[in-house]
Amino acid sequence: MHFIVLIAAAWWISINQLDWWGYLSLSIVAGNISGLGINTGHELGHKKGKFEKTLAKLVLAVPFYGHFTIDHNQGHHRDVATPIDGSSSRMGENFYAFVCREIPAAITRSFKTENIRLQRRKQDFLCFDNQIFQSYVISTILQGSIIVMFGLQIIPFLFIHNIFAWLQLSSANYIEHYGLLRQKDGLDHYERCKPHHSWNSNHVFSNLVLFHLQRHSDHHTHPTRRYQSLKSYDDLPSLPNGYLGCYLVAYIPWLWFYIMDKKLLKLSHINGDLSKVNLDPRKKMTLIKKYQEYN
Amino acid sequence: MTKHQCPECAYTYDASIGDEYEGYLPGTLFKDLPDDFFCPDCSVRFKIDFIEVDSI
Ligand SMILES: [Zn+2]
């Protein structure tokens, strides 16, 4: 289904002489549709069945994001709401800084994870069993044949499309764990991920579009639970709006900080204590100065 | 041979089978898995969390 959208959009561009504005808009729209595809890929990637995992590889191949399942399942879920997780945003970190940290971190962590597995199997990193490359190969074939079919003029379209699909995922990751921090319960062991380590939203529209992804606390407490059964708890970190509203706020850093920093510090398990917050190290001193009165 | 189960998602590691996908050969005992082993299915439970279910 997402394959068809991408090819149809590319075809539309090739037969119509769009001005740059039309070209750009169509690329962005197609990118956002594929971004929703990443969300579908997220659900499928959490399933245990081989068939679902294969479908996840296919749908993630459309925006060239095949490393996502491994990074997300075995990296983000393990490390969520800790400073080592590239996909958990920190207090004081604006959306754009987060994107620049997250996207490369996801790629390196997934390659590392997959490499460890392949080493145990005594296989080379470059082999057919590499789950990431399997998806990348599909991406290359798909986007390569689009270029062959529609010519070089389609390359910027693909590029913009991929970037916007990734940005949509980053937007979700940015708002889902902003500033939240798991405490260490041993020397180097973090406490289990609890419901108060995710931000939640329960707006009808996001519920429909995102398969209840935004009931995020439950997703992280029980990742393999089917999405329909994700429960919505009371008194959890709640976002001020639906996902899409929050994305828009996140794109305006000062507004995001203005709304969310207060909300974050008011959470009952933090209660103004900045040592219980995942702080951006670069903003640490400024934030401590600014929010001293909370302590 | 022993079996160990993830308390969160019921993934079961059976030492007599190992886990081919993860690269643990049949006969690899649970205690010999790496210390940073975590549940291959849900990733939110670690080696210390696993519960021995039954031994033969
Ligand atoms: Zn598990």
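See the structure shown above.
Everything numeric in this text was worked out from a predicted model, so none of it was measured.

K.L.:
Lay out the overall build of chain A with the relevant residues and their values.
P.N.:
A tally of helices and strands in chain A yields 12 helices and zero strands. Starting at the N terminus and walking to the C terminus, you meet the elements of chain A as α-α-α-α-α-α-α-α-α-α-α-α. For chain A, the C-alpha radius of gyration of 20 Å lies close to 19 Å, the compact-globule estimate for 295 residues. Overall, the C-alpha framework of chain A stretches about 60 × 50 × 35 Å when taken along its three principal axes. When the 295 residues of chain A are sorted by exposure, 51% land in the buried category. For chain A, the accessible area works out to roughly 14,000 Å², and carbon and sulfur atoms hold 66% of it. Averaging the positions of the 31 positive and the 22 negative side-chain charges in chain A gives two centres separated by 3 Å.

K.L.:
Break down the packing of helix α5 (residues 95–120) of chain A against helix α7 (residues 155–176) of chain A for me, citing the residues and quoting the values.
P.N.:
Residue and element names in this part refer to chain A. At their nearest, the axes of α5 and α7 sit 10 Å apart, and the two run at 110° to each other. With respect to their mutual orientation, α5 and α7 come out roughly perpendicular. The segment α5 lies against α7, with Phe95, Phe98, Val99, Glu102 and Ile103 engaging Trp166, Leu167, Ser170, Ser171, Asn173 and Tyr174. When grouped by side-chain class, the residues that make up the contact of α5 with α7 number seven nonpolar, three polar and one charged.

K.L.:
Any chance you could break down the interface of chain A and chain B for me, citing the residues and the numbers?
P.N.:
Each partner contributes to the interface: chain A provides 16 residues, whereas chain B provides 17 residues. Taking both sides of the interface into account, the surface hidden between chain A and chain B amounts to around 1,700 Å²; carbon and sulfur atoms contribute 47%. Summed over the shared surface of chain A and chain B, the number is three salt bridges. Put simply, B:Asp49 and A:Arg192 hold a salt bridge, and the shortest N to O gap is 3.0 Å. Here chain A and chain B share nine residue pairs in polar contact (both at pLDDT 80 or more) between them. Counting only elements with at least two residues in the side of chain A that touches chain B, the list comes to α4 (68–79), α5 and α9 (216–221) of chain A. Of all the elements, α4(A) adds the most residues to the side of chain A that touches chain B, at four residues. Across the side of chain A that touches chain B, the residue classes break down as one nonpolar, nine polar and six charged.

K.L.:
So what's going on with the layout of surface pockets? Residues and values would help.
P.N.:
Taken as a whole, the largest pocket encloses approximately 800 Å³ of empty space. Lining of the largest pocket is provided by 30 residues; of these, A:Arg78, A:Asp79, B:Asp36, B:Phe38 and B:Phe46 occupy positions nearest its centre. Those elements giving two or more residues to the lining of the largest pocket turn out to be α4 and α5 of chain A. Sort the elements by how many residues they give to the lining of the largest pocket and α5(A) lands first, with eight residues. The residue inventory of the lining of the largest pocket, partitioned by class, reads 11 nonpolar, six polar and 13 charged. Looking at the second largest pocket, its volume works out to about 610 Å³.

K.L.:
So what's going on with a nonpolar patch on the surface? Residues and values would help.
P.N.:
Nonpolar side chains collect at one region of the surface, where A:Tyr96, A:Leu248, A:Tyr251, A:Ile252, A:Trp254 and A:Tyr258 lie side by side and expose about 690 Å² of accessible area between them. Locating A:Ile252 in the fold gives a position in the loop between α10 (243–250) and α11 (253–266).

K.L.:
I'd love a proper account of the packing of helix α2 (residues 20–46) of chain A against helix α3 (residues 50–61) of chain A, names of residues and values included.
P.N.:
Residue and element names in this part refer to chain A. One way to put it is that α2 packs onto α3 with a least axis distance of 8 Å and a crossing angle of 160°. Overall, the two elements α2 and α3 adopt an arrangement that is roughly antiparallel. Crossing geometry of α2 relative to α3 is assigned as left-handed. When α2 is examined against α3, the residues Gly37, Ile38, Gly41, Leu44, Gly45 and His46 are found in contact with a partner set consisting of Glu52, Lys53, Leu55, Ala56, Val59 and Leu60. Here the residues of the contact of α2 with α3 sort into six nonpolar, four polar and two charged.

K.L.:
Provide a residue-level description of the coordination of the zinc ion, including the pertinent values.
P.N.:
Residue and element names in this part refer to chain B. Here the zinc ion is held by the protein donor atoms Cys6 (SG), Cys9 (SG), Cys39 (SG) and Cys42 (SG), which lie 2.2 to 2.3 Å from it. Considering all four donor atoms around the zinc ion, angles at the metal cover 104 to 114° and the coordination shape is tetrahedral. All donors to the zinc ion come from one chain, and their sequence spacing reads C-x2-C-x29-C-x2-C. Of this pair, Cys9 sits in the loop between β1 (2–5) and β2 (12–14) while Cys42 is found in the loop between β2 and β3 (51–55), placing the two residues 33 residues apart along the sequence. The residues Cys9 and Cys42 share a single accessibility class, namely buried.

About the cut-offs
Residues numbered from 1 in each chain as written. Chains lettered and ligands numbered in written order. Predicted model: local features only at pLDDT ≥ 70, side-chain atom pairs only at ≥ 80, totals over all residues. Heavy atoms only, no water. Helix = DSSP H or I, 4+ residues; strand = E, 2+ residues; numbered from the N terminus. Rg over C-alpha atoms; globule rule 2.2 N^0.38 Å. Buried < 20%, exposed > 50% of the residue type's maximum accessible area, 1.4 Å probe, protein only. Areas by Shrake-Rupley, 256 points an atom, 1.4 Å probe, with all protein chains shown as cover. Lys, Arg positive; Asp, Glu negative; His and termini not counted. Charge placed at Lys NZ, Arg CZ, Asp CG, Glu CD. Axes fitted to C-alpha atoms, helices over the stretch in contact; angles between N-to-C directions. Parallel < 35°, antiparallel > 145°, perpendicular 65-115°, else oblique. Contact = heavy atoms within 4.5 Å. Nonpolar A, V, L, I, M, F, W, Y, C, P; charged D, E, K, R; others polar. Buried area = accessible area lost by both parts, 1.4 Å probe. Salt bridge = Lys/Arg side-chain N within 4 Å of Asp/Glu carboxyl O. Polar contact = N/O pair within 3.5 Å; in protein donor to acceptor, adjacent residues only side chain to side chain. 1 Å grid on protein atoms, 1.4 Å probe; cavity = no way out; pocket = protein on both sides within 12 Å on 5 of 7 lines; lining within 4 Å. Points joined across faces, edges and corners; volume = space filled by probe spheres on them. Patch = residues over 30% accessible without salt bridge, like charges linked within 9 Å, V, L, I, M, F, W, Y side chains within 5 Å. Left-handed = near helix turned anticlockwise from the far one by under 90°. Donors = N, O, S within 2.8 Å, 3.2 Å for Na, K, Ca; no water. Tetrahedral: all angles 85-135°; square planar, octahedral: opposite > 155°, others 65-115°.

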